[in-house]
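Below, each chain spelled out in residue letters.
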Amino acid sequence: MKIIIGAVISLSPYSPGIAWDWLQFAVGLQKLGHEVYYIEEVKPEWCVDAHGACCGFEHSVNRDLFRASMERGGLMGNACQIYNQGEATFGLSLDSLIALSKEADLIINMAGHVKTDLVLSNIKCRVYVDQDPVYTQLWHAEYGKDLNFKMHDIFFSVGLNIGTHHTTIPDCGVKWRHILPP
């Protein structure tokens, strides 16, 4: 299968634990024989230099952290960092990414991170993975936060009681399946 993993890892300060959490999915699926790609979207306000000052995407530590993480996971040739919904990319070009999205069997979208319609709307099956249970459901149900549920087909949570009769935490109108981290 051709699988895209969508998650953010290059936010400053860099969190190796979060990066490894997301990369486990990608590396594990590769080891199972799948063709895996990694996408990260970066907002302009996230881009900082080594001193934490705002800067342009091309000079940001975000790009450096993304490159280092992708190289460490053996994914740099199959990775794309999308800046400002496609204004620029690092790694795969936007055209290559759009073509890939039309061929991909599925995206595993961590917390609905990938939002760019040029990519997301083309993918056959869109899987939302919630690794911050309770936060996700309460922010959506109680505070009306748009967590990009509408663009997904299947929902997983590491919260093993989310969506069951064992909890009063709202299910947000979706059927939650359960998953443990790799």
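Provided above is the structure to which this section pertains.
Heads up: these notes are all about the structure in this document.

How each quantity is defined
- Residues numbered from 1 in each chain as written.
- Predicted model: local features only at pLDDT ≥ 70, side-chain atom pairs only at ≥ 80, totals over all residues.
- Heavy atoms only, no water.
- Helix = DSSP H or I, 4+ residues; strand = E, 2+ residues; numbered from the N terminus.
- Rg over C-alpha atoms; globule rule 2.2 N^0.38 Å.
- Contact = heavy atoms within 4.5 Å.
- Areas by Shrake-Rupley, 256 points an atom, 1.4 Å probe, with all protein chains shown as cover.
- Lys, Arg positive; Asp, Glu negative; His and termini not counted.
- Charge placed at Lys NZ, Arg CZ, Asp CG, Glu CD.
- Core = buried A, V, L, I, M, F, W, Y, C linked by side-chain atoms within 4.5 Å.
- Buried < 20%, exposed > 50% of the residue type's maximum accessible area, 1.4 Å probe, protein only.
- Polar contact = N/O pair within 3.5 Å; in protein donor to acceptor, adjacent residues only side chain to side chain.
- Phe/Tyr/Trp six-rings, centres within 6.5 Å; stacked < 30°, edge-to-face > 60°.
- Lys NZ or Arg CZ within 6 Å of the ring centre and 35° of its normal.

### As for the overall build of the protein chain
Move 1: Per the secondary structure count, the protein chain includes five helices and eight strands.
Move 2: Reading the protein chain from its N end, one meets helices and strands in the order β-α-β-α-β-β-α-β-α-β-α-β-β.
Move 3: For 182 residues, the compact-globule estimate of 2.2 N^0.38 gives 16 Å, and the C-alpha radius of gyration of the protein chain, at 16 Å, lies within 12% of that figure.
Move 4: Principal-axis analysis of the C-alpha atoms gives the protein chain an extent of 50 × 40 × 30 Å.
Move 5: Intrachain contacts of the protein chain at a sequence separation of at least 6 include 58% that bridge at least 24 residues.
Move 6: When the accessible surface of the protein chain is split by element, carbon and sulfur atoms take 54% of a total near 9,100 Å².
Move 7: In the protein chain, 14 side chains carry a positive charge and 20 a negative one; their mean positions are 5 Å apart.

### Comments concerning the nonpolar core
Move 1: In this structure, Ile5, Ile9, Tyr38, Phe66, Met70, Ile108 and Met110 are the most contacted members of the largest nonpolar core, which totals 27 residues.
Move 2: Contributing elements (two or more residues each) for this core: β1 (2-6), α1 (16-31), β2 (35-42), α2 (61-72), β3 (79-83), β5 (106-110) and β6 (126-130).
Move 3: Element by element, the count of residues in this core is highest for α1, at six residues.
Move 4: Aside from chain neighbours lying at most four places away, what touches Ile5 is Trp22, Phe25, Ala26, Leu29, Val36, Tyr37, Tyr38, Ile39 and Ile108.
Move 5: In this structure, Tyr37, Leu92, Leu97 and Val114 belong to the second largest nonpolar core, which totals 15 residues.

### Overview of the side chain of Ser157
Move 1: Following the sequence through the fold, Ser157 ends up in strand β7 (residues 154-157).
Move 2: A distance of 2.9 Å separates the side chain of Ser157 from the side chain of Asp130, its partner in a polar contact.
Move 3: Once residues within four sequence positions are removed from consideration, Ser157 is found in contact with Asp130, Pro133, Gln137, Ile162, Trp176, Arg177, His178 and Ile179.

### Quick word on the packing of aromatic side chains
Move 1: Evaluation of the coordinates by the stated rule reveals 11 aromatic pairs.
Move 2: When the ring of Tyr38 is compared with that of Phe66, the centres are 6.3 Å apart and the planes differ by 50°; the resulting orientation is tilted. Of this pair, Tyr38 sits in strand β2 while Phe66 is found in helix α2, placing the two residues 28 residues apart along the sequence.
Move 3: For Tyr38, a relative accessible area of 0% translates into the label buried.
Move 4: Accessibility expressed as a relative area gives 0% for Phe66, which makes it buried.
Move 5: On the numbers, 5.9 Å between centres and 80° between planes, the contact of Phe149 with Trp176 is edge-to-face. Linking Phe149 in the loop between α5 (135-141) and β7 with Trp176 in strand β8 (residues 176-178), this pair joins segments that are 27 residues apart in sequence. Trp176 matches Phe149 in its accessibility class, with the two residues each being buried.
Move 6: Taken together, the ring pairs connect Tyr128, Phe149, Phe155 and Trp176 into an aromatic cluster.
Move 7: Seen from the ring of Phe57, Arg63 lies directly overhead, with NZ or CZ sitting 5.4 Å from the centre.

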